[in-house]
Amino acid sequence: MIEGFSFVNKDILIPVFIGGLVLFGSYFYKEWVTRKQGNFSINIIVALLTIAALAILVLEPTREVEINDHQGILLSEGFNVQQRDSLLSLNKGLKVLKYNPKKSIRNQLDSLTTVYVLGEGIKPFDFSRFNNIAVEYFPANIPLGITQLTYTKKISLGEKVEVIGSYNQPVNGSFLVFEDSRGNGLDSIQFVESSFTDFTLSGSPKASGNYVYQLSEKDSAGVVINSNPLPIEIKQKQPLRVLILNNFPTFETKYLKNFLSEEGHEVVVRSQLTKGKFKFEYFNTTSLPVYQFTDEILKQFDLVIADADTYFSFGSTIKNRFEKNIRENGLGVFIQPSDFIFNRSASWSYFRFNRDDIKELQILNSTIALEKYPYEFDEEFLVSPIIVGDGKTIAAYKQMALGRVATTTLLSSYQMLLNGSGQTYKSIWTNILDEIAKPKIVPVEWNANTKIPKVDEPFDFSLYTNLQEFAVIDEDSVRTPMLQKLMVSTHFTGTIYPKKTGWQHLSIDGDSTSQFSFFVYDSVDWKALSSTQNIVLNQKKFKTDVNKNKTVISNRPVSPLLFYILFLLGVGWLWLSPKVSIER
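Everything numeric here is computed off the predicted structure, so don't read it as measured data. (Residues numbered from 1 in each chain as written. Predicted model: local features only at pLDDT ≥ 70, side-chain atom pairs only at ≥ 80, totals over all residues. Heavy atoms only, no water.)

Draft legend 1. Fine view of the overall build of the protein chain. In terms of helices and strands, the protein chain carries 14 helices and 35 strands. Since a compact globule built from 584 residues should have a radius of gyration of about 25 Å, the 31 Å found for the protein chain marks it as more spread out than a globular shape. Going through the 584 residues of the protein chain one by one, you find that 44% of them count as buried. Contacts spanning at least 24 positions in sequence make up 63% of the contacts within the protein chain whose residues lie at least 6 apart. A total accessible area of about 31900 Å² is found for the protein chain, and carbon and sulfur atoms account for 53% of it. Charged side chains in the protein chain number 60 positive and 61 negative. The centres of these two groups are separated by 5 Å. (Helix = DSSP H or I, 4+ residues; strand = E, 2+ residues; numbered from the N terminus. Rg over C-alpha atoms; globule rule 2.2 N^0.38 Å. Buried < 20%, exposed > 50% of the residue type's maximum accessible area, 1.4 Å probe, protein only. Contact = heavy atoms within 4.5 Å. Areas by Shrake-Rupley, 256 points an atom, 1.4 Å probe, with all protein chains shown as cover. Lys, Arg positive; Asp, Glu negative; His and termini not counted. Charge placed at Lys NZ, Arg CZ, Asp CG, Glu CD.)

Draft legend 2. Geometry of the sheet that holds strand E30 (residues 479–480). Spatial strand order, E30-E29-E33-E34: four strands in an open sheet with antiparallel pairing. Edge strands, defined here as strands with exactly one partner in the open sheet, are E30 and strand E34 (511–520). In this structure, strand E29 (residues 472–473) lies alongside strand E33 (residues 502–508), joined through two bridges in antiparallel fashion. Bridge pairing in E33 links Val472 to Ile508. (Pairing = 2+ DSSP bridges.)

Draft legend 3. Representation of the packing of aromatic side chains in the model. Counted under the stated rule, the structure contains 39 aromatic pairs. With centroids separated by 6.2 Å and ring planes inclined at 45°, the aromatic side chains of Tyr116 and Phe138 adopt a geometry described as tilted. In this pair, Tyr116 sits in strand E5 (residues 114–119) while Phe138 sits in strand E6 (residues 134–139), placing the two residues 22 residues apart along the sequence. Summarising the aromatic geometry, the rings of Phe314 and Phe322 are spaced 5.6 Å apart at their centres and angled 10° between planes, so their arrangement reads as stacked. You can call Phe314 buried: its relative accessible area is 11%. (Phe/Tyr/Trp six-rings, centres within 6.5 Å; stacked < 30°, edge-to-face > 60°.)

Draft legend 4. Region of interest: the sheet that holds strand E7 (residues 145–151). Ordered in space as E7-E9-E12, the three strands form an open sheet in which the pairing is antiparallel. Edge positions in the sheet fall to E7 and strand E12 (197–203), since each has one partner strand and no second. Ignoring which end each strand starts from, the neighbouring axes of this sheet average 20° apart. One ladder, built from six bridges, connects E7 with strand E9 (residues 161–168); its direction is antiparallel. Paired with Thr150 across the bridge in E9 is Ile164. (Axes fitted to C-alpha atoms, helices over the stretch in contact; angles between N-to-C directions.)

Draft legend 5. Spatial organisation of the nonpolar core. Counting 32 residues, the largest nonpolar core has Tyr311, Phe322, Val333 and Ile335 as the members making the most contacts within it. Not counting residues up to four positions away in its chain, the partners in contact with Phe322 are Leu245, Phe293, Leu298, Val304, Tyr311, Phe314, Leu331 and Val333. (Core = buried A, V, L, I, M, F, W, Y, C linked by side-chain atoms within 4.5 Å.)

Draft legend 6. Highlighting the pairing of strand E11 (residues 185–190). As defined by bridge partners, strand E10 (residues 175–179) adjoins E11 across five bridges and the pair is classed as antiparallel. The partner of Leu176 across the bridge, within E11, is Ile189. Taking the residues between adjacent antiparallel strands as the criterion, E10 and E11 are bridged by five residues, where Gly183 takes a positive phi near 90°.

Draft legend 7. Structural context of the pattern of salt bridges. Counted under the stated rule, the structure contains 19 salt bridges. For the salt bridge of Lys30 with Glu31, the shortest nitrogen-to-oxygen distance reads 3.2 Å. Residue Glu31 is classed as buried on the basis of its relative accessible area, which comes to 4%. In this structure, the salt-bridge partner of Lys500 is Glu475, at a minimum N-O distance of 3.8 Å. On the criterion of sequence distance, the pair formed by Lys500 in the loop between strand E32 (491–496) and E33 and Glu475 in the loop between E29 and E30 is long-range, its members being 25 residues apart. Overall, Lys500 belongs to the partly exposed group, its relative accessible area being 45%. (Salt bridge = Lys/Arg side-chain N within 4 Å of Asp/Glu carboxyl O.)

Draft legend 8. The arrangement of helix H5 (residues 251–262) in detail. Given a rise of 1.5 Å per residue, twelve residues ought to cover 16 Å, and the 17 Å separating the end C-alpha atoms of H5 matches this to within 8%. All of the buried residues along H5 are Glu252, Thr253, Leu256, Lys257, Phe259, Leu260 and Ser261. Looking at the buried side of H5, the elements it contacts are strand E15 (241–246), strand E16 (266–274), strand E17 (277–283), strand E18 (303–307), strand E19 (332–336) and helix H12 (422–436). At the C-terminal side of H5, Gly264 shows a positive phi close to 90°. (Expected span 1.5 Å × (residues − 1).)

Draft legend 9. Summary view of a nonpolar patch on the surface. On the surface, Ile14, Phe17, Ile18, Leu21 and Val22 cluster together into a nonpolar patch covering about 530 Å² of accessible area. Among the secondary structure elements, Ile18 is positioned in helix H1 (residues 13–33). Given the relative accessible area of 46%, Ile18 is considered partly exposed. (Patch = residues over 30% accessible without salt bridge, like charges linked within 9 Å, V, L, I, M, F, W, Y side chains within 5 Å.)

Draft legend 10. Quick look at the side chain of Glu31. Assignment of secondary structure puts Glu31 in helix H1. Polar contacts involving the side chain of Glu31 include one to the side chain of Asn43, which spans 3.1 Å. Residues in contact with Glu31, not counting those within four places in the same chain, are Phe40, Asn43 and Ile44. (Polar contact = N/O pair within 3.5 Å; in protein donor to acceptor, adjacent residues only side chain to side chain.)

Draft legend 11. Inspection of the environment of Ser261 at higher detail. Note on placement: Ser261 falls in helix H5. Spatially, the C-alpha atom of Ser261 lies 40 Å from that of Leu529, the residues being 268 residues apart in sequence. For Ser261, the residues in contact, after removing those within four places along its chain, are Val267, Phe283 and Asn284.

Here it is as structure tokens:
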């Protein structure tokens, strides 16, 4: 950069520079071939200036300017009037601005060096506007209503939806009701005190598809006080091909195979009776005895469940074959624990454990005490948690290229069924299966980066794909520009501005199977939740002390008018020059 000058879009400086060189090189070649027509040198110089002007317009130049201290107050929704009046009385001449996320305040901010932000704060997509301004944030009070919420937005049919959250100062005696898309109540809770209250609600959907459930607050007479949508994507469950390997039949495997078969999975169980003799059982599948572990056999399964004694008794050849299929084909392997695995080295057992001498704990949202081995996962060893209880990871996986290997510190999980905790048992094993089973190969993997999309606000999304050429389109076949990450060629990001509420869809042009569904909320939906999240983000963004310097150096945009004129004159000359040469 030239000292004192910079660019707004400096992250794309290299691509713009390369593109400019390619464009100039193409024009130079074209002029060299036709140089006998005259004006070669002039045309080259004009082309260079024209391309340079275009590049500067794309990069948006800025220059450093020294400006005296100008302060302002930015009032956002929910601001405290007393705070505003106090700041105005202490700081004479403060410029008062009102924040509207749908209108740009860039020009108004250019004259300020210090801004006091009051209320719920600035939307995250406007944070970049304040990078060169000292900001002191005075947050609004936490609003009344639901301020924290998590729930399962995507599930398979037959699984349970859990809604977990916190309500700030509910009406005493009112109800919070979890309703399906037809308004039928699935679960409810009555608030018995007007204080900060945690809640957990759940329900089991009966059909697949994209639905809008509701979380409604009702008074003691059943009249709706407030209601907010809960969009849920329910997919048909895809059965897994599971191979279970045991040294001998166990109660753990007995109940696990029953659970898997009842869930519709295709299960093959191999239990060793004596050396070289095995007992085979088949559930939801045809007879397929497995005597050898060839690549062809292992490719037929999505998941292998083996007790530790069986898996680690394999020779290096078979173990290497398993690891090859984990890495290259995405095979999932779950190792049923025993004392054996906790006393092996991490290089052999995939995991490292520390002894904690804790033999019971509770998992989140459960009051059931679960038995465990007196060991815990070593948190410094690179593993990803699946199940957490009392702050400790009790089931985890290790990523190995395309596949995953997992285990748990739980002891005899089938005891949950015998103690009447079937739902907890189901939840634990469903989470384990979802995390480690062989992933289905899809050409495009989509992700929503904006958590609560709203009308006329930017919705950021990303996707991963190996497709070389593709176009993202919406329901009206309008294309969305995509930005490719420089360091990860398969990673793309995009932004759209939804124009209507409800379920929306993006897809790859020409491939209707690669569809991405997302829900757009109304501006009044989840008001308390959105406000709380925005307050937290603003506190994190503006947590540093305000810079009170009377003179500051700030980057200010350079007027693009000169570059527009230069570009238009250059294009005009390059268009006119060949015609003048021909007439001569």
